[in-house]
Amino acid sequence: LAHPDIIPFPGRPAAAVPQETGPLVLIVSADLAVSQQWAEELQAQGFGTRSAASVESALQWLQSTPADVCLVGPLSATDSTSTLEAAIAKHGWATQLVWMPETPADALT
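The rules we used
- Within each chain, residue numbers correspond to sequence positions counted from 1 in written order.
- Note on the predicted model: pLDDT of at least 70 is required for a residue's local features to be given, and 80 or more for side-chain atom pairs to be given and counted; whole-chain, interface and lining totals, by contrast, use all residues.
- Neither water nor hydrogens contribute to the side-chain values; these are computed over all heavy atoms in the structure.
- Starting at the N terminus, helices and strands are each numbered in turn, a helix being any DSSP run of H or I of at least four residues and a strand any DSSP run of E of at least two.
- Partly exposed residues are those whose accessible area sits between 20% and 50% of the maximum for their type, while under 20% is buried and over 50% is exposed, using a 1.4 Å probe and protein chains only.
- Any two residues having at least one pair of non-hydrogen atoms within 4.5 Å are treated as being in contact.
- Calculation of accessible area relied on Shrake-Rupley with a 1.4 Å probe; when residues are assessed, cover is drawn exclusively from the protein chains displayed.
- What is meant by a nonpolar core is a set of buried Ala, Val, Leu, Ile, Met, Phe, Trp, Tyr and Cys residues, joined one to another through side-chain atoms within 4.5 Å.
- Following DSSP output, two strands are said to pair if at least two bridges run between them.
- A crossover gets the label right-handed when its path from the first strand over the helix to the second runs clockwise, viewed with the strands pointing away from the viewer.
- Whenever a helix is involved, its axis is fitted only over the stretch in contact; in every case the axis is a line through C-alpha atoms, and angles between N-to-C directions fall within 0 to 180 degrees.
- Roughly parallel covers angles under 35 degrees, roughly antiparallel covers those over 145, roughly perpendicular covers 65 to 115, and oblique covers all other angles.
- In this scheme, a crossing is called left-handed if the near helix is turned counterclockwise away from the far one by less than a right angle; it is called right-handed if the turn is clockwise.
- The residue classification treats Ala, Val, Leu, Ile, Met, Phe, Trp, Tyr, Cys and Pro as nonpolar and Asp, Glu, Lys and Arg as charged. All others, Gly included, are polar.

Engineer: For this particular structure, what's the right way to read the overall build of the protein chain?
Structural biologist: What the protein chain contains, in helices and strands, is 3 helices and 4 strands. The buried share of the protein chain, taken over its 109 residues, is 30%. Across the protein chain, the fraction of contacts at a sequence separation of at least 24, relative to all contacts at a separation of at least 6, is 71%. For the protein chain, the computed accessible surface area is about 6900 Å², with 57% contributed by carbon and sulfur atoms.

Engineer: Please clarify how the nonpolar core should be interpreted in this entry.
Structural biologist: A general feature of soluble globular proteins is that nonpolar side chains tend to end up buried together. Ranked by size, the top nonpolar core spans 15 residues in total, and within it L26, V28, A58, L59, L62, C70 and L84 carry the most contacts. Where this core is concerned, the elements lending two or more residues are β1 (24–28), α2 (55–64), β3 (69–72) and α3 (81–91). If you look at the next biggest cluster of nonpolar residues, it comprises 8 residues, including V25, I27, W38 and M100.

Engineer: Sorry if this is basic, but what is going on with the pairing of strand β4 (residues 96–99) here?
Structural biologist: Moving residue by residue along a regular strand, the side chains alternate between the two faces of the sheet. Where β3 and β4 come together, 4 bridges link them in parallel fashion. Across the sheet, V69 pairs through a bridge with Q96, a residue of β4. The handedness of the β3 to β4 crossover, carried by α3, is right-handed.

Engineer: In this structure, what is going on with the packing of α2 against α3? I would like to understand it.
Structural biologist: Each pair of packed helices can be summarised by the angle the axes make with each other and by the distance between the axes. Where α2 meets α3, the axes come as close as 10 Å, and the angle between the chain directions of the two elements is 20°. Between α2 and α3, the angle falls in the class roughly parallel. Judged by the sense of rotation from one axis to the other, the crossing of α2 with α3 is right-handed. For the pair formed by α2 and α3, the contact residues are V55, A58, L59, L62 and Q63 on the first element and T83, L84, A87, I88 and H91 on the second. Grouping the constituent residues of the contact of α2 with α3 by class yields 7 nonpolar, 3 polar and no charged.

Engineer: Just checking my understanding: could you explain the environment of L24 for this structure?
Structural biologist: Looking at the secondary structure, you find L24 in strand β1. When the C-alpha atoms of L24 and D68 are compared, they prove to be 5.4 Å apart, with 44 residues separating the residues in sequence. Beyond its immediate chain neighbours, meaning those up to four positions away, L24 contacts G48, T49, R50, T65, P66, A67, D68 and V69.

Engineer: Sorry if this is basic, but what is going on with the sheet that holds strand β2 (residues 48–52) here?
Structural biologist: The strands making up a sheet are joined through hydrogen bonds of the backbone, oriented either antiparallel or parallel. Pairing within the open sheet is parallel, and its 4 strands lie in the order β2-β1-β3-β4. Looking at strand neighbours, the two that pair on one side only are β2 and β4, the edges of this open sheet. Sheet twist, expressed as the mean angle between neighbouring strand axes with direction ignored, is 20°. Note that β1 and β3 share 4 bridges and pair parallel.

In short, geometric facts, not functional conclusions.
Shown next as structure tokens:
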């Protein structure tokens, strides 16, 4: 059976998809807790967020949906901010790269 909010029943419109009102921030971090914390704080301030656990995932997101800001936190040993920075420059994306190697609790407030 179809979910009524995905496929409308006759005479009933589908549920509206929430629109993000603020700039889109792509959070790149191998640390899931950091990503979740930053996403919650940014969303509370009106930003749209997406998360990627690796540089490769981030590049896939950026190719399909350019972000205004790419916030980079702790990465795995195989990932590098320079790889991400080079790809952003190569493609000419207008994405600002912000690297936050330390993650204090009040970093975004």
